[in-house]
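# Breakdown of the fold
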Amino acid sequence: MWRRNSLSLSSNLARLNSNPSPFLFLRTSHSHGALARSNSAAPESTSAADPVTWSQSGPDVRCIATPPAVGLVASASAGKAKELADLVRHYSRCYWELSKARLSMLVVATSGTGYILGSGSSIDYIGLCCTCAGTMMVAAAANSLNQVFEVKNDARMNRTRLRPLPSGRITRPHAVMWASSMGIAGTALLACEANMLAAGLAASNLILYAFVYTPLKQIHPVNTWVGAIVGAIPPLLGWAAASGQISLNSMMLPAALYFWQLPHFMALAYLCRKDYADGGFKMFSLADPSGYRTAWVALRNCLYMLPLGYLAYDWGIASGWFCVESTLLALAISSTAGLFLFNRTTKNARRMFHASLLYLPVFMGGLLVHRCYDNELSATVKNSNQLAELPSSSSLEGDWTRSSTPRINRRPAPSRPPVAYASVAPFPFLPAPYVSN
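Described in the following lines is the structure provided in the data block.

Criteria and thresholds
Residues numbered from 1 in each chain as written. Predicted model: local features only at pLDDT ≥ 70, side-chain atom pairs only at ≥ 80, totals over all residues. Heavy atoms only, no water. Helix = DSSP H or I, 4+ residues; strand = E, 2+ residues; numbered from the N terminus. Buried < 20%, exposed > 50% of the residue type's maximum accessible area, 1.4 Å probe, protein only. Contact = heavy atoms within 4.5 Å. Areas by Shrake-Rupley, 256 points an atom, 1.4 Å probe, with all protein chains shown as cover. Patch = residues over 30% accessible without salt bridge, like charges linked within 9 Å, V, L, I, M, F, W, Y side chains within 5 Å. Salt bridge = Lys/Arg side-chain N within 4 Å of Asp/Glu carboxyl O. Axes fitted to C-alpha atoms, helices over the stretch in contact; angles between N-to-C directions. Parallel < 35°, antiparallel > 145°, perpendicular 65-115°, else oblique. Left-handed = near helix turned anticlockwise from the far one by under 90°. Polar contact = N/O pair within 3.5 Å; in protein donor to acceptor, adjacent residues only side chain to side chain. Phe/Tyr/Trp six-rings, centres within 6.5 Å; stacked < 30°, edge-to-face > 60°. Lys NZ or Arg CZ within 6 Å of the ring centre and 35° of its normal. Core = buried A, V, L, I, M, F, W, Y, C linked by side-chain atoms within 4.5 Å. Nonpolar A, V, L, I, M, F, W, Y, C, P; charged D, E, K, R; others polar. Expected span 1.5 Å × (residues − 1).

This brings us to the overall build of the chain. In terms of helices and strands, the chain carries 17 helices and two strands. Within the chain, buried positions represent 43% of all 437 residues. Across the chain, the fraction of contacts at a sequence separation of at least 24, relative to all contacts at a separation of at least 6, is 73%. For the chain, the exposed surface amounts to about 23300 Å²; the carbon and sulfur share of it is 63%.

Right, let's talk about a nonpolar patch on the surface for a bit. A contiguous nonpolar surface patch, about 360 Å² in accessible area, is contributed by F149, I207, F211 and V212. Here the element with the most residues in the nonpolar patch is helix α8 (residues 196-216); it accounts for three residues. When you line up the elements, I207 lands in helix α8.

Our focus in this paragraph is the packing of helix α10 (residues 252-271) against helix α15 (residues 346-369). One can describe the packing of α10 onto α15 by two numbers: an axis separation of 8 Å at closest approach and a directional angle of 160°. When the interaxial angle is binned, α10 and α15 end up roughly antiparallel. In this structure, α10 crosses over α15, and the sense of that crossing is left-handed. Taken together, the residues of α15 that come into contact with α10 (itself represented by L253, A256, L257, W260, P263, H264, A267, L268, Y270 and L271) are T346, A349, R350, M352, F353, S356, L357, Y359, L360, F363, M364 and L367.

Residue placement: R371 occurs in the loop between α15 and α16 (374-388). A polar contact of 3.4 Å, which involves the side chain of R371, links it to the backbone oxygen of I116. One polar contact links the side chain of R371 to the main-chain carbonyl oxygen of G120, over a distance of 2.8 Å. Residues contacting R371, with those up to four places away along its chain left out, are I116, L117, G120, I123, I317 and A318.

Enumeration according to the criterion identifies 11 aromatic pairs in this entry. Seen in terms of ring centroids, W225 and F284 are 5.7 Å apart; in terms of plane orientation they differ by 75°. Their pairing is edge-to-face. You can see W225 sitting in helix α9 (residues 223-243) and its partner F284 sitting in the loop between α11 (273-279) and α12 (292-304), a full 59 residues away along the chain. Its relative accessible area of 23% is what places W225 among the partly exposed residues. Assessed through its relative accessible area of 15%, F284 is described here as buried. The rings of Y91, Y95 and W178 are connected pair by pair, giving a single aromatic cluster. Across from the ring centre of F281, 4.6 Å away, lies the NZ or CZ of K217, which sits over that ring. The ring of Y270 has R273 sitting right over it, with the charged end atom 4.0 Å from the ring centre.

What follows covers unusual backbone geometry. Most peptide bonds adopt trans geometry, and most residues besides glycine take a negative phi value. Although it is not a glycine, K100 sits at a positive phi angle of roughly 50°. Note on placement: K100 falls in the loop between α3 (68-98) and α4 (101-119).

What follows covers the nonpolar core. Core analysis: the largest hydrophobic core is formed by 92 residues, its most contacted members being Y276, M305, F363 and L367. Per-element tally for this core: the top contributor is α10, with 14 residues. If near-sequence neighbours (up to four positions away) are discounted, L367 is found in contact with L117, L253, A312, I317, A318 and F322.

Further remarks concern the packing of α8 against α9. Between α8 and α9, the shortest axis-to-axis distance is 9 Å and the interhelical angle comes to 170°. One finds that α8 runs roughly antiparallel with respect to α9. Taking contact as the criterion, the partners of L197, A198, L201, A202, N205, L208, Y209, V212, Y213 and L216 in α8 are, on α9, N223, V226, G227, I229, V230, I233, P234, L236, L237, A240 and A241. Partitioned by chemical class, the residues of the contact of α8 with α9 number 18 nonpolar, three polar and no charged.

Here we take up the environment of L103. As for its placement among the helices and strands, L103 is situated in helix α4. Distance from L103 to A139, taken between C-alpha atoms, is 8.6 Å for residues 36 residues apart in sequence.

As a further point, take α8. With 21 residues, α8 should cover 30 Å at 1.5 Å per step; its first-to-last C-alpha distance of 28 Å lies within 8% of that length. Listed as buried for α8 are A198, A199, L201, A202, N205, L206, Y209, A210, Y213, T214 and L216. Where the residues of α8 are buried, they touch α5 (125-149), α7 (172-193) and α9. Where α8 starts, the residue carrying a side-chain oxygen 3.3 Å from the main-chain nitrogen of L197 turns out to be N195.

Bringing the environment of A101 into the picture now. Within the fold, A101 resides in helix α4. Distance in space between the C-alpha atoms of A101 and M136 is 8.6 Å, their sequence separation being 35 residues. Excluding its chain neighbours within four sequence positions, the residues that come into contact with A101 are W96 and M136.

Further remarks concern the side chain of N143. The residue N143 is located in helix α5 in this model. Residues in contact with N143, not counting those within four places in the same chain, are L98, S99, K100, L103, S104 and Y209.

As structure tokens, this is what we get:
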């Protein structure tokens, strides 16, 4: 009996080897006898186009048709899809790091705030989105060019040696192409959807950051002040995109950005002195071993932020509540700068740095919440003019009207010449502000 089964098994195996078919055998039983019986009962010829499953003794052996070509194609497609996904993920990560996306989003926030302030009571949200998108592209281009020019310096610093260019994850020509395309696209978007003034400010800021500020970092400590001007232009860009002009009121947020950046970057330069020295950057803190001058520059610019709230109220940009809030904010960051001046430690520098990170969003948020609309200001001025023109029944009544009218509204639209505020605006290279009478 055993011999007959073994002979049947060997003959069936020989027949299958001589007649190969595209079937995949799945064994579901551990019994050799069941396998022999099922093989002896298997049909001698089957069609590859007609899947067959048979078993002489229940579900011991199943035969499933699997064409080899289909499996190979599916495997190749899956491999190509995975390779494409990895490539997209790699370049997306490189572009994100080249653009310094978080810093660029902060620039976009300042530009968007300037746009809202310059819009008055009616905000064009499509224009706001286009302005933010164009600002993001130009900021990404500027940050990418900054890294293109500083590859060797970044490679020597622990903080930046893993960036895409120093680590070799992307080539320099590729980064230049990315930066150029972003810069051109962002400037064109601002020119088409906003105006030429906003596009010109964006292009000028790109040139100032990539071709003036970046090389100055390796030449002279004045680079920090040039960088502060670069950071102050985006809110001016947003205002110009919304209103089409540069006015006195448009200087409020840029002035705040200019003065804010100096304590912010002085704290950062003090904390990263070793990294900046290794990278070959001529930062202000490197020529100040004691840190006294660095702390004094930070405190001085914090004090410059104290009158900003009052000016915003006096110029009709925000309400009196913002004056109080802005003054408290400036006092808070000034206290951290004063503490750093009297005790120049890493802990106090970090405390001032964190205070600067908190100051800017709270300041911009308060400015947006308490901003005055154009229609409110015009209504106030109109009411005051109507009261001034009321007819008088007697000379005494007329004298009373003329003497009491100015007390009704002590905050009309600003009409003083721009020269009176020349010491406030930190942008001497811009045209003289326009003030409506």
